Amino acid sequence: MNRGVLQGIMAYVLWGLLPVFWKLLDNVPALEILSHRIVWSLALCVFLLVLSKRVGWIGDIRKHPRALFAVAGATILLSFNWGLYIWAVNSGHIVETSLGYFINPLINVALGVLVLKEQLRRPQWIAIATAAIGVLFLSVVYGHPPWISLALGVSFAFYGLLKKQAKLPALEGLTLETALVALPALAFLFSLSLTGESQFSGGGFRQTALLVGAGAATATPLLFFSAAAQRIPLSLLGVLQYIAPSIQFLLGVFAYGEDFDSERLIGFAIIWLALALFAGDAVLFYRRRAVDVSAR
């Protein structure tokens, strides 16, 4: 198997398995888990950057305030996305989180039209319309729009848009994003220690190790993803991304026994049809373009 493909699969499998990690901390409040995730991710990223002697980018980013502004906006969205995801997983909404990442690629395409004024091909329009029908159907089934799914999908789509403007490599980007919110996170954790409400030292060695390990759980799949992005086409990476929500969905239904009746299955099936149309069109489009390039 191509090394880049394997790295991409590893990245998305690890992201798909993240609910298992957060479930091990389901007795810890989501905001405390989020704060530890930020702090320990920053510590690990700084260690990796120093180890690889990649520290020159700090001076470069200071020369581009617009990029720093984009990263600041991305940081807010990422913190919200992380916090909501952790809360949703530990509150029994893993299936809804998977839906958010199933529809995220289609939200990305819609943002491309609305914000970047990109032109869509007909299959892409059909895919977006089909997904909208699926979301509307699920809104009727749930009795309300799937807010968790939509909030995760939309926040991550806007995060990706801002990241595109910042143009920072994955590890450097995560370092700066976590650095921007590290002080508030540390202050919150310190306040918990002062009031005796901290779960870091009071939950035993296993819990402390898991909270510290949140940094590795965050950075490891990102490093695999970054390596894969350098070796394989983005179209293939785009197809592989459905591995993560698929694993999350299976975990929610079969491992954690979340409710998933026939009506919800119909709604998900409509969205899966939209994704199949979208992925199929992407594969065909990039194949045709590759043939055209090679023919010149």
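Reading guide: rules and limits
Residues numbered from 1 in each chain as written. Predicted model: local features only at pLDDT ≥ 70, side-chain atom pairs only at ≥ 80, totals over all residues. Heavy atoms only, no water. Helix = DSSP H or I, 4+ residues; strand = E, 2+ residues; numbered from the N terminus. Rg over C-alpha atoms; globule rule 2.2 N^0.38 Å. Phe/Tyr/Trp six-rings, centres within 6.5 Å; stacked < 30°, edge-to-face > 60°. Buried < 20%, exposed > 50% of the residue type's maximum accessible area, 1.4 Å probe, protein only. Lys NZ or Arg CZ within 6 Å of the ring centre and 35° of its normal. Salt bridge = Lys/Arg side-chain N within 4 Å of Asp/Glu carboxyl O. Core = buried A, V, L, I, M, F, W, Y, C linked by side-chain atoms within 4.5 Å. Contact = heavy atoms within 4.5 Å. Polar contact = N/O pair within 3.5 Å; in protein donor to acceptor, adjacent residues only side chain to side chain. Expected span 1.5 Å × (residues − 1). Axes fitted to C-alpha atoms, helices over the stretch in contact; angles between N-to-C directions. Parallel < 35°, antiparallel > 145°, perpendicular 65-115°, else oblique. Left-handed = near helix turned anticlockwise from the far one by under 90°. Nonpolar A, V, L, I, M, F, W, Y, C, P; charged D, E, K, R; others polar.

Caption draft 1: Structural view of the overall build of the chain. Helix and strand content of the chain: twelve helices and zero strands. Tracing the chain from N to C terminus, the helices and strands come up as α-α-α-α-α-α-α-α-α-α-α-α. For the chain, whose C-alpha radius of gyration is 20 Å, the value lies close to the compact-globule estimate of 19 Å for 296 residues. Counting only C-alpha atoms, the chain reaches 60 × 50 × 40 Å along its principal axes.

Caption draft 2: Summary view of the packing of aromatic side chains. Scanning the model with the defined rule gives 14 aromatic pairs in all. With a centroid separation of 6.2 Å and an interplanar angle of 80 degrees, the aromatic rings of Tyr12 and Phe225 are classed as edge-to-face. Here the residue Tyr12 occupies a position in helix H1 (residues 3-23), and Phe225 occupies one in helix H9 (residues 204-229), the gap between them amounting to 213 residues. Accessibility expressed as a relative area gives 25% for Phe225, which makes it partly exposed. Here Phe268 and Trp272 contribute two aromatic rings whose centre-to-centre distance is 5.7 Å and whose plane-to-plane angle is 65 degrees, an arrangement assigned as edge-to-face. Taken together, the positions of Phe268 and Trp272, both in helix H12 (residues 262-295) and four residues apart, correspond to about one turn of that helix. Note on Trp272: relative accessible area 28%, which makes it partly exposed. Here the aromatic cluster, defined as three or more aromatic residues joined through ring pairs, consists of Phe102, Phe249, Phe260, Phe268 and Trp272. Over the aromatic face of Tyr256 sits the side chain of Lys23, whose NZ or CZ is 5.2 Å from the ring centroid. In this structure, Arg37 is placed above the aromatic ring of Trp82, and the distance from its NZ or CZ to the ring centre is 4.0 Å.

Caption draft 3: The arrangement of the pattern of salt bridges in detail. The full count for this structure, using the stated rule, is three salt bridges. One salt bridge in this structure joins Asp281 and Arg121, with 2.7 Å as the shortest N-O distance. A residue pair is termed long-range when its members are at least 10 positions apart, and Asp281 in helix H12 and Arg121 in the loop between helix H5 (94-114) and helix H6 (122-142) qualify at 160 residues. Taking the relative accessible area as the measure of exposure, Asp281 reaches 10% and is therefore buried.

Caption draft 4: The nonpolar core, seen in detail. Phe21, Trp22, Leu25, Ile33 and Tyr85 are the most contacted members of the largest nonpolar core, which has 36 residues in total. Sorting the residues of this core by element identifies H1, helix H2 (30-51), helix H4 (65-90), H5, helix H7 (147-166), helix H8 (170-195) and H9 as the ones contributing at least two each. Examining the composition of this core, we find that eight residues originate from one element, H4, more than from any other. Apart from the residues lying within four places of it in its own chain, the contact partners of Tyr85 are Trp15, Leu18, Pro19, Trp22, Thr97, Tyr101, Leu152 and Gln248.

Caption draft 5: Broad picture of the side chain of Thr218. Structurally, Thr218 can be placed in helix H9. Among the polar contacts listed, one links the side chain of Thr218 to the side chain of Arg37, at a separation of 2.7 Å. In this structure the side chain of Thr218 is engaged in a polar contact, spanning 2.8 Å, whose partner is the backbone oxygen of Ala214. Residues in contact with Thr218, not counting those within four places in the same chain, are Arg37, Ser41, Trp82 and Leu174.

Caption draft 6: Focus on H7. Over its 20 residues, H7 extends 28 Å from the first C-alpha to the last, a length consistent with the 28 Å expected when each residue adds 1.5 Å. Within the span of H7, buried status applies to Ile148, Ser149, Leu152, Gly153, Ser155, Ala157, Tyr159, Leu161 and Ala166. Phi for Lys167, located one or two positions after H7, is positive at around 55 degrees.

Caption draft 7: Spotlight on the environment of Leu25. Here Leu25 lies in the loop between H1 and H2. A residue is classified by how much of its surface remains accessible, and Leu25, at 0% relative accessible area, is buried.

Caption draft 8: Expanded view of the packing of H1 against H9. At a closest axis distance of 7 Å, the pairing of H1 and H9 adopts a crossing angle of 155 degrees. Classified by the angle their axes make, H1 and H9 are roughly antiparallel. Where H1 crosses over H9, the handedness of that crossing is left-handed. On the side of H1, the interface is formed by Gly4, Gln7, Gly8, Met10, Ala11, Tyr12, Leu14, Trp15, Leu18, Phe21 and Trp22, while H9 contributes Leu210, Gly213, Ala214, Ala217, Thr220, Pro221, Leu222, Phe224, Phe225, Ala227 and Ala228. Of the residues in the contact of H1 with H9, the class split is 17 nonpolar, five polar and no charged.

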